[in-house]
Amino acid sequence: MRDGATVSEVAQEIRLPRTTVYRILETLCDAGFVFRDGNDDRYRLTIQVRALSDGFDDEAWVTQIASRSSTSCCREVVWPISVATLSGTNMLVRECTDHISPLAIERHSAGFRAPLLATASGRVFSRTPRGRTRIVD
């Protein structure tokens, strides 16, 4: 479900009626585990899905802080915005506005992982002195 899925696609995959799948997906939206992209009516997972794994302890505060600011900024400048943090040797997207920006070439969502040096955010992170946080305005 990396690029999301429609109700019909999910229903076909899990062999349940579309009405049942729709109710389940809307319940998951209300709980914050998925969101429905208004641009293409596809359902996409949120970072909160990771909280379902056993013993998961994440920095959810990053997403909570970034969500409102990145969405309003994206609506103003139109350019897609992603907030990512280091996760092993990857950058983990915590918040992303690809779903609301018409300029997004690839539509990623929270939870997407990219190799550290294959992303701009990874390059910025790798050049930051150890133990110091760099905030880019």
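Note that the structure is predicted; figures quoted are calculated from it, not measured. (Residues numbered from 1 in each chain as written. Predicted model: local features only at pLDDT ≥ 70, side-chain atom pairs only at ≥ 80, totals over all residues. Heavy atoms only, no water.)

A. Just the overall build of the protein, in detail. When you go through the protein residue by residue, the secondary structure sums to four helices and five strands. In sequence order, the protein lays out its α and β elements as α-α-β-β-α-β-β-β-α. Burial statistics for the protein: of 137 residues in total, 30% are counted as buried. Partitioning the contacts of the protein with sequence separation of at least 6, the portion at a separation of at least 24 is 40%. Of the accessible surface of the protein, which amounts to about 9400 Å², a share of 53% is contributed by carbon and sulfur atoms. (Helix = DSSP H or I, 4+ residues; strand = E, 2+ residues; numbered from the N terminus. Buried < 20%, exposed > 50% of the residue type's maximum accessible area, 1.4 Å probe, protein only. Contact = heavy atoms within 4.5 Å. Areas by Shrake-Rupley, 256 points an atom, 1.4 Å probe, with all protein chains shown as cover.)

B. Just the sheet that holds strand β4 (residues 90-96), in detail. Judged by pairing direction, the sheet is antiparallel, and its three strands sit side by side in the order β3-β4-β5 without closing on themselves. Looking at the sheet topology across the chains shown, the edges are occupied by β3 (82-87) and β5 (113-115). Taken over all neighbouring pairs, the strand axes of this sheet differ in orientation by 35 degrees on average, direction set aside. (Pairing = 2+ DSSP bridges. Axes fitted to C-alpha atoms, helices over the stretch in contact; angles between N-to-C directions.)

C. Local environment of helix α1 (residues 7-14). Among the residues of α1, those classed as buried are Val7, Val10 and Ala11. Within α1, the buried residues cover an arc of 100 degrees as seen down the axis, which keeps them to one side. Residues of α1 that are exposed and point over 90 degrees away from its buried face: Gln12 and Glu13. Where the residues of α1 are buried, they touch α2 (18-31) and β2 (42-45). Just downstream of α1 lies Arg15, where phi reads positive at about 60 degrees. (Arc of directions from axis to C-beta.)

D. Main features of the pattern of salt bridges. Applying the stated criterion across every chain yields a total of four salt bridges. Between Asp41 and Arg36 there is a salt bridge, with its nearest N and O atoms 2.5 Å apart. Among the ionic pairs, Asp40 bridges to Arg44, the shortest N-O distance being 3.0 Å. Take Arg44: its relative accessible area is 1%, and that puts it in the buried class. One connected set of salt bridges, linked through shared partners, spans Asp37, Asp40 and Arg44. (Salt bridge = Lys/Arg side-chain N within 4 Å of Asp/Glu carboxyl O.)

E. Fine view of a nonpolar patch on the surface. A contiguous nonpolar surface patch, about 300 Å² in accessible area, is contributed by Ile14, Leu16, Ile24 and Leu28. Mapped onto the elements, Ile14 comes out in helix α1. Classification of Ile14 by relative accessible area gives partly exposed; the value is 46%. (Patch = residues over 30% accessible without salt bridge, like charges linked within 9 Å, V, L, I, M, F, W, Y side chains within 5 Å.)

F. The arrangement of the packing of α1 against α2 in detail. Here α1 crosses α2 at 110 degrees, and the two axes come no closer than 9 Å. Taken together, α1 and α2 sit at an angle that is classed as roughly perpendicular. Considering the relative orientation of α1 and α2, their crossing is right-handed. Residues Val7, Ser8, Val10, Ala11 and Ile14 of α1 lie in contact with α2, whose contacting residues are Arg18, Val21, Tyr22 and Leu25. (Parallel < 35°, antiparallel > 145°, perpendicular 65-115°, else oblique. Left-handed = near helix turned anticlockwise from the far one by under 90°.)

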